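These are the residues of each chain, in order.
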Amino acid sequence: LYKGIQYQEVESRIDARDRGSDRSAFIRKVVANHLYDLTKNRASRLIKFKPAVAILPTNDEFSDKVAARSCEMLLDHIWYQNNFEGQIQLNLATHAMVLGESYLFICWDKDQGDIAPSYKEAAKKGRVPMLDENGQQVKDPQGNAIYVDKPVRIGDVVYKLHLASEVLPQRKQKWEDVEYLFQIDTCSTDKLRVMYPKAAAKIKDADTQIYDYEKMELVPTRRETYVYTFWHKSTTGLDKGRKIVFTDDVILENEELPYSHGELPCVRFTDVEYPGELRGKSFYESIKSLTGTYNNLTNLIVRNLVLVSHPKWMVPAGSVALDRLGNDVTVVQFKGPQAPQLAVAQTTPPEVYNFRQQLKEEFQQISGVFGVSRGEPPAGIKAGVALQFLSEQESERYNELVLKWNETIKQIAKQTLAVAGDFYDEDDKRMVRVLGKNDGWMTKFFNTAYLSKSYDVRVQNTSALPKSVAARTQTLLDLNAQFPDQFTGEQVIDMLDLAQSDKFIDMAAQSVRTAEAENERLQELKGQMAERLTPEEYENHLMHWRVHTKFMQSYAFKYTMPPEVKQAFQDHVMVHEYFMDAQAAKNPAFAAELAKLPMFPLIYVPPTKGAIPGMMPGMDGPMAPPPQQSPLPSFQSQGMPANPLVGGEAQAPVNQQQATPPVASQQGKTPSVGKQLGGSPAIKPTSAR
């Protein structure tokens, strides 16, 4: 029916115009394939309602945020590699409309992906030896070394779409109760021998009947066979699940379920479901009789037009010379004393056309596709508001199928991340390529174990923003205009999907990203390692201060952090506040920004009037920079002496507006603040209070 084959005779499926027999009197039956049109329309509407797949962390930990963001980018990369949004989604929806249900298997293929980095390195030295699990070279029974002949790849997640006739699930009333299923594939026997060399001798070339969907019939084959895969999920009786691959002659694989999620490695999408029935039903079941009647009426009209639409001469036999009449007019001869006449008969009564139109409206209503979505608005309705209302009502009618589709997409995303977590290795440099240079810094904090932890990663439908680029842009601009205090410029750019480019990432966004990374590192490093994260003069100290102090207000920091971690954070924030106070003395605009911070300064105490510049609070004496280095920007006022620890005579009064020369080390790099503030080993800003 999807292919337009409604009538059983062969002539409806093949083109017989080139046959030698006379076909002039034959009227080919017409099939108006509304089922194909309705199927494409319903599938396209499903894809239009693409769910916003967002992977969210379960807490505020920086590592979980990085893991969630990395997982989302990885999911987008896998979908792009497999053309998920371009082809697989459409086929998944279309097959379910035609057959009632469709199955998408999410598996791991070790022969996909890039060439393994370890193989590349080994290939540079010559032939690559095959190693066992202990790192020893494998040898054949004769003692000869075995080498790897083909490149070894890192593998990747793949999607395999199967028709409903190729998947045989366990007989249950609900899909949730199904514990096992059989997956049927057709494969060449020669390919099977290459894939399973140990069982090559047992794989036979038997005559097999394979169903040909092009010819719509079983056809014999000689070098192909059915390959069955038995999948059993993790249950109470079979805790680790099972995977068995076999043919009619031999078992090729027999192992535990290779995926840690423990579920069947497929996601099912159904069109129509009946209570108590496992198999999904196609909407064809409800409207195929209506579309069949519609086509029968169409062929009736065609026959009537051909039969009686032409004018006819009604003449007594032998009363006229037939060769004198036009060939375009049919002649009907009869016997009787009646004069010839030109007769025109009525073709088809209007009731046939009216009934045919009613049938069309009925099967459109049952299928959930109306004239509005097909570009056929109701007669007399031209107002845009009325058409929008009808379109919304149609979408409401379609909402049930949309909800099932959204759930299917979420399950596909979850299983994809779970399979990736089982096989992705940190040594294959995969994440660096996926994230790219803009987000490559996240690889330092990303662990592949995050992919398989469902309690760390969730897939939800979030964002209610339109998917259309124009509508999304206008909606965000309107919201930003109506609520100017609720959205920052960085948030608007991020929601417009422009933040992936360096051109749209400003210094504030970069500073926030760096500060969050420092929060994570300060929790891991202790002692001198933490001093490596000491703030530098060129940083955006205001943004860093906000991120650090926000984390210090959390419950975890107050009650669960070790004392040395708390001290490292306090020292870090104190140095930021030192630079902020110094910058405020030179920049009135920055000082105005600091005045808006009610908690500033949180740890650092600025020196009182008359104090020696360069002295940190709580110290016994002033600080001096290391020898041969210029002093840091200090709180010098006009007429006050310079730092006496520099050496030599007292300096001349310093002009407050004079620019401070840059601080540079002997290597030409800016020294860390930990070195600048502590000329003597006994005085360090990270240990001062």
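Sequence order as written defines residue numbering, which begins from 1 separately in each chain. Residue-level local features of this predicted model are given only where pLDDT is at least 70; pairs of side-chain atoms are given and counted only at 80 or more, and the full residue set underlies all totals for whole chains, interfaces and linings. Side-chain figures throughout are based on the complete set of non-hydrogen atoms in the structure, without hydrogens or water.

Engineer: Which parts of the structure should I look at to understand the overall build of the protein chain?
Structural biologist: Per the convention used, a helix needs a DSSP run of H or I reaching at least four residues, while a strand needs a run of E reaching at least two, with both numbered from the N terminus. Looking only at helices and strands, the protein chain has 19 helices and 17 strands in total. Relative accessibility under 20% of the residue-type maximum defines a buried residue, over 50% an exposed one, and the middle range a partly exposed one, all with a 1.4 Å probe and only protein chains included. A total of 689 residues make up the protein chain; the buried ones form 36% of that total. Taking as baseline every contact in the protein chain between residues at least 6 positions apart, the subset at least 24 positions apart corresponds to 68%. Areas reported as accessible are Shrake-Rupley estimates using a 1.4 Å probe. Residue values count occlusion only from the protein chains shown. Summing over all exposed atoms, the protein chain offers an accessible surface of approximately 40800 Å²; the carbon and sulfur share of this is 52%. The contact criterion used throughout is that any non-hydrogen atoms of two residues lie within 4.5 Å.

Engineer: I tried to follow the pairing of strand 7 (residues 180-188) on my own but got confused; where do I start?
Structural biologist: Side-chain direction in a regular strand flips from residue to residue, so the side chains alternate between the two faces of the sheet. Examined bridge by bridge, strand 6 (residues 167-169) and strand 7 share three bridges and lie antiparallel to one another. Paired with Leu 168 across the bridge in strand 7 is Phe 182. At least two DSSP bridges between two strands are required for those strands to pair.

Engineer: Looking at this structure, how should I read the nonpolar core?
Structural biologist: Burial of nonpolar side chains together is a common tendency in soluble globular proteins. For the purposes of this section, nonpolar cores are sets of buried Ala, Val, Leu, Ile, Met, Phe, Trp, Tyr and Cys residues that join through side-chain atoms within 4.5 Å. Counting 62 residues, the largest nonpolar core has Leu 46, Trp 79, Tyr 159 and Ile 412 as the members making the most contacts within it. For this core, the element with the highest residue contribution is helix 9 (residues 399-423), accounting for nine residues. Once residues lying within four places of it in the same chain are set aside, the contact partners of Tyr 159 are Ile 78, Trp 79, Asn 82, Phe 84, Ile 88, Leu 104, Phe 105, Ile 106, Ile 412 and Thr 416. Core analysis: the next-biggest nonpolar cluster, separate from the first, contains 18 residues, Leu 522, Leu 533, Phe 557 and Val 573 among them.

Engineer: When you look at the side chain of Thr 408 in this model, what are you seeing that I'm missing?
Structural biologist: Within the secondary structure, Thr 408 is located in helix 9. Other than its neighbours up to four places away in sequence, Thr 408 contacts Leu 92, Val 267, Arg 268 and Phe 269.

Engineer: Please explain the sheet that holds strand 10 (residues 224-232) as it appears in this structure.
Structural biologist: Hydrogen bonding along the main chain pairs the strands of a sheet, whether they run parallel or antiparallel. Strand order in the open sheet formed by five strands is 6-7-10-11-12, with antiparallel pairing between adjacent strands. Two strands in the sheet have a free side with no partner beyond their single neighbour: strand 6 and strand 12 (251-255). Here the strands of the sheet are splayed against their neighbours by 15 degrees on average, with no regard to which way each runs. Note that strand 11 (residues 242-246) and strand 12 share four bridges and pair antiparallel. The partner of Lys 243 across the bridge, within strand 12, is Glu 255. Lines are fitted to the C-alpha atoms to define the axes, a helix being fitted only along its stretch in contact, and any angle between axes, read from their N-to-C directions, falls within 0 to 180 degrees.

Engineer: What am I meant to see in the sheet that holds strand 5 (residues 156-162) here?
Structural biologist: Pairing is antiparallel across the open sheet formed by three strands, whose spatial order is 5-2-13. Edge positions in the sheet fall to strand 5 and strand 13 (266-270), since each of these pairs with one other strand and no more. Looking at each pair of strands side by side, their axes are set apart by 20 degrees on average, direction ignored. Pairing of strand 2 (residues 101-109) with strand 13, which is carried by five bridges, proceeds in the antiparallel orientation. Among the inter-strand pairings, Ser 102 is bridged to a residue of strand 13, identified as Phe 269.

Engineer: Would you explain the packing of helix 1 (residues 34-48) against helix 7 (residues 350-367) in this entry?
Structural biologist: Between two packed helices, what matters for the description is the angle formed by their axes and the separation of those axes. Helix 7 packs onto helix 1 with a crossing angle of 30 degrees between their chain directions and a minimal axis gap of 11 Å. Like other packed secondary-structure pairs, helix 1 and helix 7 cross with a definite hand, here right-handed. Contact residues: helix 1 offers His 34, Leu 38 and Arg 42, while helix 7 offers Lys 360, Phe 363, Gln 364 and Ser 367. Partitioned by chemical class, the residues of the contact of helix 1 with helix 7 number two nonpolar, three polar and two charged. Note on convention: near helix rotated counterclockwise from far helix by under a right angle means a left-handed crossing. Clockwise means right-handed. Amino acid classes used here: Ala, Val, Leu, Ile, Met, Phe, Trp, Tyr, Cys and Pro are nonpolar; Asp, Glu, Lys and Arg are charged; the rest, including Gly, are polar.

Engineer: Whenever I open this one, the confidence of the model for the protein chain confuses me. Can you help?
Structural biologist: Reading predicted coordinates in detail is not appropriate for stretches of low pLDDT. Predicted confidence across the protein chain gives a mean pLDDT of 74, with 64% of residues reaching 70 or more. Predictor confidence is given residue by residue as pLDDT, running from a minimum of 0 to a maximum of 100. Every residue in residues 610-615 scores below 50 in pLDDT, and together they form 15 contacts with partners more than four places removed in sequence or on other chains.

Engineer: Even after reading the chapter, I still don't get the packing of helix 17 (residues 563-586) against helix 18 (residues 588-595), so can you show me in this structure?
Structural biologist: Their axes nearest at 6 Å, the elements helix 17 and helix 18 cross at an angle of 130 degrees. Looking at the two axes, helix 17 sits oblique to helix 18. In this structure, the crossing between helix 17 and helix 18 has a hand that is left-handed. Side by side, helix 17 and helix 18 meet where Met 580, Gln 583, Ala 584 and Lys 586 of the first sit next to Pro 588, Phe 590, Ala 591 and Leu 594 of the second. Looking at the contact of helix 17 with helix 18, its residues break down into six nonpolar, one polar and one charged. Working rule for angles: under 35 degrees goes down as roughly parallel, over 145 as roughly antiparallel, 65 to 115 as roughly perpendicular, anything else as oblique.

Engineer: I tried to follow the layout of surface pockets on my own but got confused; where do I start?
Structural biologist: Over the atoms, a rolling probe the size of a water molecule traces out where space has been left empty. Residues are called lining when one of their atoms sits within 4 Å of a cavity or pocket point, these points coming from a 1 Å grid over the protein atoms alone, where a cavity is a set in which a 1.4 Å probe fits but cannot get out and a pocket is an open set with protein on both sides within 12 Å along at least five of seven lines. Grid points are joined across faces, edges and corners, and a volume is the space filled by probe spheres set on the points. Of the pockets and cavities examined, the second largest pocket occupies roughly 1400 Å³. Together, 35 residues line the second largest pocket, and Asp 109, Asp 111, Met 195, Tyr 196 and Glu 253 are the ones closest to its centre. Elements represented by at least two residues in the lining of the second largest pocket include exactly strand 2, strand 5, strand 7, helix 5 (189-195), strand 10, strand 11 and strand 12. Grouping the amino acids of the lining of the second largest pocket by side-chain chemistry returns 20 nonpolar, three polar and twelve charged.

Engineer: What's the story with the packing of aromatic side chains in this structure? I'm lost.
Structural biologist: The description of an aromatic ring pair uses the distance of the two centres, along with the angle that the planes make with each other. Here is the rule: rings of Phe, Tyr and Trp (six-membered ring for Trp) pair when centre to centre is within 6.5 Å. Planes less than 30 degrees apart are stacked, more than 60 are edge-to-face, and the remainder are tilted. Going through the model one piece at a time under the given rule, you end up with 24 aromatic pairs. A centroid spacing of 4.5 Å and a plane angle of 20 degrees characterise the contact between Trp 79 and Phe 84, whose relative ring orientation is stacked. With a relative accessible area of 0%, Phe 84 lands in the buried category. Ring geometry for Tyr 578 and Phe 579: centres 5.7 Å apart, planes at 70 degrees, overall edge-to-face. A residue is classified by how much of its surface remains accessible, and Tyr 578, at 3% relative accessible area, is buried.

Engineer: Help me out: how do you make sense of the pattern of salt bridges in this one?
Structural biologist: Note that side chains of opposite charge can pair when their charged atoms are close. Between Lys or Arg on one side and Asp or Glu on the other, a salt bridge is scored when a side-chain nitrogen of the former is within 4 Å of a carboxyl oxygen of the latter. Tallied over the entire structure, the rule returns 15 salt bridges. With its nearest N and O atoms 3.0 Å apart, the salt bridge here joins Glu 101 to Arg 268. Highlighted residues: Glu 101 in strand 2 and Arg 268 in strand 13, separated in sequence by 167 residues. Assessed through its relative accessible area of 1%, Glu 101 is described here as buried. The exposure class of Arg 268 is buried, given its relative accessible area of 14%.

Engineer: What am I meant to see in unusual backbone geometry here?
Structural biologist: Most peptide bonds take the trans form, and the phi angle of most residues other than glycine is negative. Each neighbour pair has its own omega, and for Phe 600 with Pro 601 the value is -5 degrees, a cis peptide bond. Inspection of the secondary structure puts Pro 601 in the loop between helix 18 and helix 19 (673-676). You will see that Asn 83, though not glycine, has its phi angle at about 55 degrees, which is positive. The residue Asn 83 is located in the loop between helix 2 (62-81) and helix 3 (84-99) in this model. Judged by relative accessible area, which is 36%, Asn 83 ranks as partly exposed. One non-glycine residue, Met 216, lies in the positive phi region at around 60 degrees. Structurally, Met 216 is set in the loop between strand 8 (208-212) and strand 9 (217-221). Classification of Met 216 as partly exposed rests on a relative accessible area of 35%.

Engineer: I keep staring at the environment of Phe 579 and nothing clicks. Help me out?
Structural biologist: Mapped onto the elements of the fold, Phe 579 is located in helix 17. Between the C-alpha atoms of Phe 579 and Glu 536, which are 43 residues apart in sequence, the distance is 8.6 Å.

Engineer: What is the right way to read helix 17 from this model?
Structural biologist: Owing to its 3.6 residues per turn, the α-helix brings residues three or four apart onto one side. The first and last C-alpha atoms of helix 17 sit 35 Å apart over 24 residues, in line with the 34 Å expected at 1.5 Å per residue. Within helix 17, 17 of the 24 residues are buried, which leaves the element mostly enclosed by the surrounding structure. Helix span is expected to be 1.5 Å times the residue number reduced by one.

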